[in-house]
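Close look at the chain arrangement
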Amino acid sequence: MTPTEIAVIIFLGGGLFFTLVAAVGVIRLPDIYSRAHTASQADTLGAGLTLVAVALTLGLEISTLKTVLLLVFIFITNPTAAHAVARAAHEQDIEPWREDR
Amino acid sequence: MPEEPPDQAVDEAILVPVGESVTLRNTVAYAVREALAASGEIHFVAPLASSAIGDVSADGKAELEELLERATVWAEEDAGDEAADLRIETAVVGADEYLFGPDDYARVLTDYARSHGVERVVVDPEYSPGGNVPLLRPLQVALVEAGLTVEEAPVDRPTRRGQLLRRGGLLQFATLFGVSFLFYQLLSGFTLSGFDLVTGVVSATVVAALLHRIAFSDRMRLGVIAKRLVRLAIFVPYLVYEIVVSNLLVAYVVLHPKMPIEPRTVEVRSAVWGGMPVTTLANSITLTPGTLTVRVRGQDFMVHSLIPAAREGLFDGSLERAVRFVFYGRDAAGISTPRERDDCRILDTVTENGGEED
């Protein structure tokens, strides 16, 4: 295996790991607010590391720039969506879950 | 001319908040007429939004002083033969504080009015120290609540809109066209074939024509934008670092068999204001796992935090400093943390209407 391939596998593994964590989090966490937290995990490091792996595989070409752009869009749209969900929940007066109640 | 009894003069003095505005000239003229009809005492006061404009604050002060000087010259010109009856005082206020919103402006203006015994305020209807943030109406309300008499100078104002927009609009159109065109070529893989160039020009024109009015809400200053882009390039790696760290923290609690989460909703009054800075901060907070922006009102952020470590990070204000660095410059980044400013608290319920501590 070339060093590039090893790096690709590491980044891909990392991306998969955080996407898995996000999935586990969505199932395990108790309420809508805390679940929205892990959604940003899947999108930031999950997609981020995977896209880094994609960029490494492609090497230096125009498609690599597009993967970077993809990441930029994810970084803008993900918090916007998470915020929209949380705000909608807040407008419905949904109280966040607390461990002491 | 014999001196007037001081307390009468004090009662009738006029305060004019001064800022860059197209109707400032006419406002000064009106205020001078009013002042000459009364005691002849007029105060030109310019609140300085020091931290809000950050890296231009040194220039900002000089600019305001120049503006005050100009107002003084105008006033003397308007008074003509009666110039001797006119007593003009000028001051830049708020230079050593953070002026965020209308309340802060009202506070420094009221403080000045109190210490100089002024009770009457003439405001310029186009006065807008907050840039693109609408400020005048709430400012007037706050001044009235403070017990001052507030009136708007009756000046004409519609004439400039078209002209100013058209001039600024060209630059905005050109910028947006350039960015869209480059983006189109990037997506087409920089083949630079005739077809791609022509369709690129067409679509970039459509985008720019439709959106140039709303894409940039601020007055465009290319120097400022270039500086911000450079600082943004420094900010992004830092944001990624913060994201990685908090991802690991959140991954730990999510995978932990006992899942030791302690969700709390917190409220932080941030030291950024204006559309873009607030949006950037809110999005950065949400991007960082463990903190989620639920609601933003002005500079008040309601944030849901999953674990204590995430809350602590928020109260330490590292992201806030980073965003201030991007938009207001390096000097503005050295601000005290929300914790030190006492600008943060943990809410008991999200439906409580603020005010009481828990």
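A brief structural summary. What you are looking at is a predicted structure, and each value in this text was computed from that prediction instead of being measured.

1. Quick word on the overall build of chain B
The helix and strand tally for chain B stands at 14 helices and 9 strands. With 358 residues in all, chain B has 47% of them scored as buried. Within chain B, contacts between residues at least 6 apart in sequence are counted, and of these 73% link residues at least 24 apart. Accessible surface computed for chain B: about 17,800 Å², of which carbon and sulfur atoms make up 58%.

2. Some remarks on the pattern of salt bridges
Residues and elements named next belong to chain B. One pass over the structure, following the stated rule, counts 14 salt bridges over all chains. Arg345 is the partner of Glu267 in a salt bridge, and the nearest nitrogen-oxygen pair spans 3.3 Å. Placement of Glu267 in strand S6 (residues 264-269) and of Arg345 in strand S9 (residues 344-347) is noted, with a sequence separation of 78 residues between them. Taking relative accessible area as the criterion, Glu267 reaches 22% and is therefore assigned partly exposed. Across the pair Asp316 and Arg339 runs a salt bridge, and its minimum N-O distance is 2.7 Å. Of the two residues, Asp316 sits in helix H11 (residues 308-316) while Arg339 sits in helix H14 (residues 338-341), which places them 23 residues apart along the sequence. Judged by its relative accessible area of 33%, Asp316 falls in the partly exposed class.

3. Details of the pairing of S6 of chain B
All names here are of chain B. In the sheet, S6 pairs with strand S8 (residues 300-305) via 6 bridges, with the strands oriented antiparallel. Opposite Arg264, over in S8, you have Ser305 as the bridge partner. Here S6 pairs with S9 via 4 bridges, running antiparallel. Across the sheet, the residue bridging to Val266 is Ile346, located in S9.

4. Regarding the sheet that holds S8 of chain B
Spatial ordering of the open sheet is given by S7-S8-S6-S9 (chain B), a layout of 4 strands whose pairing is antiparallel. Of all the strands in the sheet, the pair left with one neighbour each is strand S7 (291-297) and S9 of chain B. Looking at each pair of strands side by side, their axes are set apart by 25 degrees on average, direction ignored. Running at roughly 115 degrees to S7 of chain B, helix H2 (residues 32-58) of chain A makes contact with S7 and S8 of chain B of the sheet.

5. Observations regarding the environment of Ala89 of chain A
Residue and element names in this part refer to chain A. Within the secondary structure, Ala89 is located in helix H3 (residues 62-91). Distance from Ala89 to Ile32, taken between C-alpha atoms, is 7.5 Å for residues 57 residues apart in sequence. Apart from the residues lying within four places of it in its own chain, the contact partners of Ala89 are Ile32, Tyr33 and Ile94.

6. Quick word on the interface of chain A and chain B
Counting residues at the interface gives 42 residues for chain A and 41 residues for chain B. Across the chain A/chain B interface, buried area totals approximately 3,600 Å², and carbon plus sulfur atoms make up 66% of it. Looking at the side of chain A facing chain B, the largest losses of area belong to Arg28, His37 and His90 of chain A, adding up to 19% of the total buried there. Between Arg295 of chain B and Glu91 of chain A there is a salt bridge, and its shortest N-O distance comes to 2.9 Å. Run the count over chain A and chain B and you get 10 residue pairs in polar contact (both at pLDDT 80 or more). Counting only elements with at least two residues in the side of chain A that touches chain B, the list comes to helix H1 (3-28), H2 and H3 of chain A. Per element, the largest residue contribution to the side of chain A that touches chain B is 16 residues, and it comes from H3 of chain A.

7. Focus: the environment of Val326 of chain B
Along the chain, Val326 of chain B turns up in helix H12 (residues 318-328). Once residues within four sequence positions are removed from consideration, Val326 of chain B is found in contact with Arg228, Arg231, Leu232 and Phe235 of chain B.

What counts, and at which threshold
- Residues numbered from 1 in each chain as written.
- Chains lettered and ligands numbered in written order.
- Predicted model: local features only at pLDDT ≥ 70, side-chain atom pairs only at ≥ 80, totals over all residues.
- Heavy atoms only, no water.
- Helix = DSSP H or I, 4+ residues; strand = E, 2+ residues; numbered from the N terminus.
- Buried < 20%, exposed > 50% of the residue type's maximum accessible area, 1.4 Å probe, protein only.
- Contact = heavy atoms within 4.5 Å.
- Areas by Shrake-Rupley, 256 points an atom, 1.4 Å probe, with all protein chains shown as cover.
- Salt bridge = Lys/Arg side-chain N within 4 Å of Asp/Glu carboxyl O.
- Pairing = 2+ DSSP bridges.
- Axes fitted to C-alpha atoms, helices over the stretch in contact; angles between N-to-C directions.
- Buried area = accessible area lost by both parts, 1.4 Å probe.
- Polar contact = N/O pair within 3.5 Å; in protein donor to acceptor, adjacent residues only side chain to side chain.

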